[in-house]
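Architecture at a glance
This is what each chain is made of:
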Amino acid sequence: MQSFLLSATVYLAAAVVAVPIAKRFGLGSVLGYLIAGVVIGPSVLGFVGAEGQDVMHAAEFGVVMMLFVIGLELEPALLWRLRGALLGLGGLQVLGTTLATGAAALAFGLPWQQALAIGLILALSSTAIVLQTMQEKGWMKTDAGQKSFAVLLFQDLAVIPILAVLPLLALAPESASVVADAAADHSNPAAWAEHLPGWQRALVTLGAVALLVGVGRSVVPAIFRVIARARLRETFTAAALLLVIGIAVLMQLVGLSPALGTFLGGVVLATSEFRHELESDIEPFKGLLLGLFFIAVGASIDFPLIGAQFTLVAGLVLGLLAIKALVLWVLARFAKMSSDQGLLFALALAQGGEFCFVLLSFAEQNAVLPTRVTGLLVAAVALSMAATPLLLLFWERVIAPRAVREPGEEREMDTPEEEHAVIVVGFGDFGSSVGRLLNASGVETTVLELDSDRVELLRRLGLRVYYGDGAREDVMRSAGAERAKLVILCLGDAEANLALAQSIRKHFPHLTILARAAGRLAAYELIESGVTHVYRESVDSAMRLGADALRLLGRRGHAAWRAAQHFRRRDDENMRRLATVFRDRAAHTSLAREAIADLEASMRADGVSGAATDDTAWDAESLRREFGG
Amino acid sequence: MPRPVLILFAHPSFEKSRVHRQLTRAVRELPDVTLHDLYEAYPDHDIDVKREQTLLVAHEVVVFQHPFYWYSVPPLLKQWMDLVLEHGWAYGSQGDALRGKTRQVAMTAGGREMAYGPDGFNRLTFREFLAPVEATARLCGMTFNEPWVVAGTHAMTPAAITQAADGYAALIRRLGAP
């Protein structure tokens, strides 16, 4: 326990020190984590040592969580739209890189089996580094971001057949049965399905995927609804974690990639009302585990080996980056990407990935590759990963500013805005009236509501409503607050509404807030905290009721309507004036009395003159006086 | 001293107008010009009379920019005249707030120029149709200029619209010249 706490302290301290410094110098968090890993690793301070590999295995779960979150952000329709890039670009990338790297390995004098194994392993890129960096820099929505994502997704799929093929490439055929056993053991110990005959395995695999989709569609939202009703935040977080880990275990049982399984789970839940809440609950775990993973990569770089064979390792790193970037660049030209985006795509995916470590040790255990080769390759892959943030920094600072976009070159809109410009918080009677008006006028909204029964009801009516607490900054963020224009606060609880307005003004100052105010005091407080668009919920209906009362008393419709219109405008002006003094009880009382008297006097004066309003519109009295004699 | 120009722009479906989009763009940034979009300011037709009168006092030239609807102005502009031009302020023995200022109509019409005239389909000229506006201006002691009209907008090419916009900017600049 003590040693666990101690190493936790070392890892966390390294992250806390290194990441802000790296960010400060514009290097991005990934590079910060990697540097932290190098510093605490055996080569520099030696705080952590042999357990680095274990930590890395544990931290790989961060990748699994990341794919879950990515799945949540991807709706099935969007995934379908990406299918061309996924299969075309992804497939060609894996094929092209395998052949090119394999050819290079052949040139080094390795037998073809080893060359092919190396080619297959090095074709993979680092989902963790690429997506983390791209999200941080806001490049996910760019052409290169979308295409990189598609390729990475395909690579995750490709891991499964690569795992199956690698043992067949073993050089010593007499150990084949041992190898097969080892494959079953080492790919993942829990995978009982691997011992089944082929057709049963296929059935089990299909069954697991069907189970995942079916349960994800129906059972999971029902369970979350029950938990949400209990309003226990940590239970919800626990359930979210349980979901992700459960999917990962299920996938391991049937021998599928956990990352792929959680991704699928995420996609299935992307259309559910818990999308934003799940995303913000998993996000911190994902971030921490990924950070841990990067630290472990940094710590596992074998500097003595690199020192001993410096030119060879340097050549391997440069060769790996160059070959992969070249293949990607050719593909980018083929896919008609603009030159700056194509270059970003090529540089981003040029490194080896975290799966390379897994596959290299797997290949070693299966006697496919000798230890000497895998040791060198692990070092080369780790260094290529460490180089990626630098390459992307180079792109950002040097290439992007020089990119000249020709007018006709703007890319077609293949990715619709998933996030909407308007977020509505609170979807009771008030909020849903506002939301339906906006929807009916062709404005899409993202709606957050905390009452899970109501969410379910509204969803059944066909409205797109999400379960989520708008007061949580992370939930607002995943609901798209950073890209939205307006946020409409319709909570019935005045205090909650005010707190929400203040939090939004702090975290998302670019958002224009339109707030419902329960009454006069609530309106004052909202105005005081800087909200300009404040709507007292009772005013408009009270004015309409008042106007109808005037009509029933015999006033003409137009006169009654204008009286109400006029009263509302004056009253609103008064309220804004009173909002400046409402904390001062005496000043407020006297000003309020004055304002009420003013308003009534002006209205009464018109009552005397026979018109219902105090403007002299359509009023012939003065004309009669002047010309009528 | 340039003469400040107030453009009272009235168009209930501005979003759909090709010509007025270009016209407003041509004059929006001109110095000493205030473009006042009435349908944007008063969606509920509840005109703030005091604010409008203050604006009028601050300008020397008042332009009505609008489409020609049923041979007349759009309803909000008529409402504006009804409410803002108060007796005792704009006219009458005490009303001299607008005396000496200039009134200019700048409007668009779907029909062609030749349809407006004694021999045309509509029998009357644009100026004759605008008699109420002219009389209102005269009662307030304002100079009423010959209306500036972009006719035949139903069949206008983009190039012709651009040309009309340039002409409008020139007109506004001329009106604002010292």
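About the criteria used
- Along every chain, residues carry numbers that run from 1 in the direction the sequence is written.
- Going through the entries in the order they are written, you letter the chains from A and number the ligands from 1.
- Thresholds applied to this predicted model are a pLDDT of at least 70 for local features of residues and 80 or more for the giving and counting of side-chain atom pairs; totals over whole chains, interfaces and linings are not thresholded and use all residues.
- Strands here are runs of E lasting at least two residues and helices are runs of H or I lasting at least four, both read from the DSSP assignment and numbered beginning at the N terminus.
- It is the C-beta atoms, placed from the backbone, that decide contacts: two residues are in contact if theirs lie within 7 Å.
- Exposure is read from a count of other C-beta atoms within 10 Å of each residue's own; the residue is exposed at 12 or fewer, buried at 20 or more and partly exposed in between. C-beta atoms are placed from the backbone.
- Whether two strands pair depends on DSSP finding at least two bridges between them.
- Interaxial angles span 0 to 180 degrees and are taken between N-to-C directions of axes, which are lines fitted to C-alpha atoms, for helices over the stretch in contact.
- Basically, the charged four are Asp, Glu, Lys and Arg, the nonpolar ten are Ala, Val, Leu, Ile, Met, Phe, Trp, Tyr, Cys and Pro, and anything else, Gly included, counts as polar.
- Roughly parallel here means an angle under 35 degrees, roughly antiparallel means over 145, roughly perpendicular means 65 to 115, and every remaining angle is called oblique.
- The crossover handedness rule: strands pointing away from the viewer, path from first strand over the helix to second strand clockwise, crossover right-handed.
- What pLDDT expresses is the predictor's confidence in each residue, scored from 0 to 100.

What follows is about the overall build of chain B. When its secondary structure is counted, chain B shows 7 helices and 6 strands. Secondary structure elements of chain B, listed N to C terminal, follow the sequence β-α-β-α-α-β-α-β-α-α-β-β-α. Long-range contacts, defined as pairs at least 24 residues apart, comprise 80% of the intrachain contacts of chain B with a sequence gap of at least 6.

So, on to the overall build of chain A. Scanning chain A from terminus to terminus reveals 29 helices and 6 strands. Residue burial in chain A is summarised as follows: out of 629 residues, 44% are buried. When contacts within chain A are restricted to residue pairs at least 6 apart in sequence, those whose partners lie at least 24 apart make up 71%.

With that settled, the discussion passes to helix α7 (residues 112-122) of chain A. Burial analysis of α7 of chain A places 9 of its 11 residues in the buried class, which makes it a mostly covered element. Residues of α7 of chain A that are buried sit in contact with α6 (83-107), α9 (143-165), α17 (310-334), α19 (354-365) and α20 (371-399) of chain A.

All names here are of chain A. Taken in spatial order, the 6 strands of this open sheet run β3-β2-β1-β4-β5-β6, and their pairing is parallel. Of all the strands in the sheet, the pair left with one neighbour each is β3 (465-467) and β6 (533-536). When strand polarity is set aside, the average angle formed by the axes of neighbouring strands in this sheet is 20 degrees. Where strand β1 (residues 422-425) meets strand β4 (residues 486-489), 4 bridges bridge the pair, whose relative direction is parallel. By the bridge assignment for β4, Val 424 is matched with Ile 488.

All names here are of chain A. Across the two faces of β1 the burial is the same, with Val 422 and Val 424 and Ile 423 and Val 425 all buried. Pairing analysis gives 4 bridges linking β1 to strand β2 (residues 445-449), with the strands arranged parallel. Following the sheet pairing, Val 422 is matched in β2 by Thr 445.

On the side of chain A, 9 residues touch chain B, which itself brings 10 residues to the contact. Taken together, the residues of the side of chain B that touches chain A sort by class into 2 nonpolar, 4 polar and 4 charged.

All names here are of chain B. For Asp 32, which is not glycine, the phi torsion reads 60 degrees and is therefore positive. Within the secondary structure layout, Asp 32 lies in the loop between α1 (18-28) and β2 (33-37). Residue Arg 123 is not a glycine yet carries a positive backbone phi of 75 degrees. Relative to the helices and strands, Arg 123 is located in the loop between β4 (102-108) and α5 (126-129). What makes Arg 123 exposed here is the crowd of 12 C-beta atoms within 10 Å.

This part covers the environment of Met 543 of chain A. Residue and element names in this part refer to chain A. With respect to the secondary-structure elements, Met 543 resides in helix α26 (residues 539-552). A count of 18 C-beta atoms within 10 Å places Met 543 in the partly exposed class. With 18 residues separating them along the chain, Met 543 and Trp 561 place their C-alpha atoms 8.7 Å apart.

Residue and element names in this part refer to chain A. Packing of helix α13 (residues 233-253) against helix α15 (residues 275-300) leaves a shortest axis separation of 9 Å and a crossing angle of 75 degrees. One way to sum up the angle between α13 and α15 is to call them roughly perpendicular. Where α13 approaches α15, its residues Phe 236, Thr 237, Ala 240, Leu 241 and Val 244 are matched on the opposing element by Glu 277, Leu 278, Asp 281, Ile 282 and Phe 285. Among the residues forming the contact of α13 with α15, the class breakdown is 7 nonpolar, 1 polar and 2 charged.

A word on the environment of Arg 229 of chain A. Residues and elements named next belong to chain A. Locating Arg 229 in the fold gives a position in helix α12 (residues 219-230). Given 12 C-beta atoms within a 10 Å radius, Arg 229 is considered exposed. C-alpha of Arg 229 to C-alpha of Ser 452: the two residues are 223 residues apart in sequence and 6.0 Å apart in space.

Turning to the pairing of β4 of chain A, a few remarks are in order. Residues and elements named next belong to chain A. In terms of strand pairing, β4 meets strand β5 (residues 512-517) through 4 bridges, oriented parallel. When the bridges of β5 are listed, Val 487 appears paired with Ile 513. Tracing the backbone out of β4, into helix α24 (residues 494-507) and back to the parallel element β5 gives a crossover that is right-handed.

Residues and elements named next belong to chain A. Averaged over every residue, the pLDDT of chain A is 81; residues scoring 70 or more account for 89%. Ignoring residues within four places in sequence, the model shows residues 173-189, a span with pLDDT below 50, making 20 contacts including any to other chains. For residues 406-418, every residue scores under 50 in pLDDT, and the model assigns this stretch 8 contacts once sequence neighbours within four places are set aside.

Residue and element names in this part refer to chain B. Axis separation between helix α3 (residues 49-57) and helix α4 (residues 75-84) bottoms out at 10 Å; the angle between their running directions is 90 degrees. With respect to each other, α3 and α4 are oriented roughly perpendicular. Contacts between α3 and α4 involve Val 49, Glu 52 and Gln 53 on the former and, on the latter, Trp 80, Leu 83 and Val 84. Residue classes in the contact of α3 with α4 are distributed as 4 nonpolar, 1 polar and 1 charged.

Should the pLDDT be low somewhere, the predicted coordinates at that spot are not to be read in detail. The predicted model of chain B averages 94 in pLDDT, with 100% of residues at 70 or higher. As a predicted assembly, this complex carries a pTM of 0.64 together with an ipTM value of 0.80.

All right, on to the environment of Leu 545 of chain A then. All names here are of chain A. Within the fold, Leu 545 resides in helix α26. Among the residues examined, Leu 545 registers 12 C-beta atoms within 10 Å and is labelled exposed. Placed 19 residues apart in sequence, Leu 545 and Ala 564 show a C-alpha to C-alpha distance of 9.3 Å.

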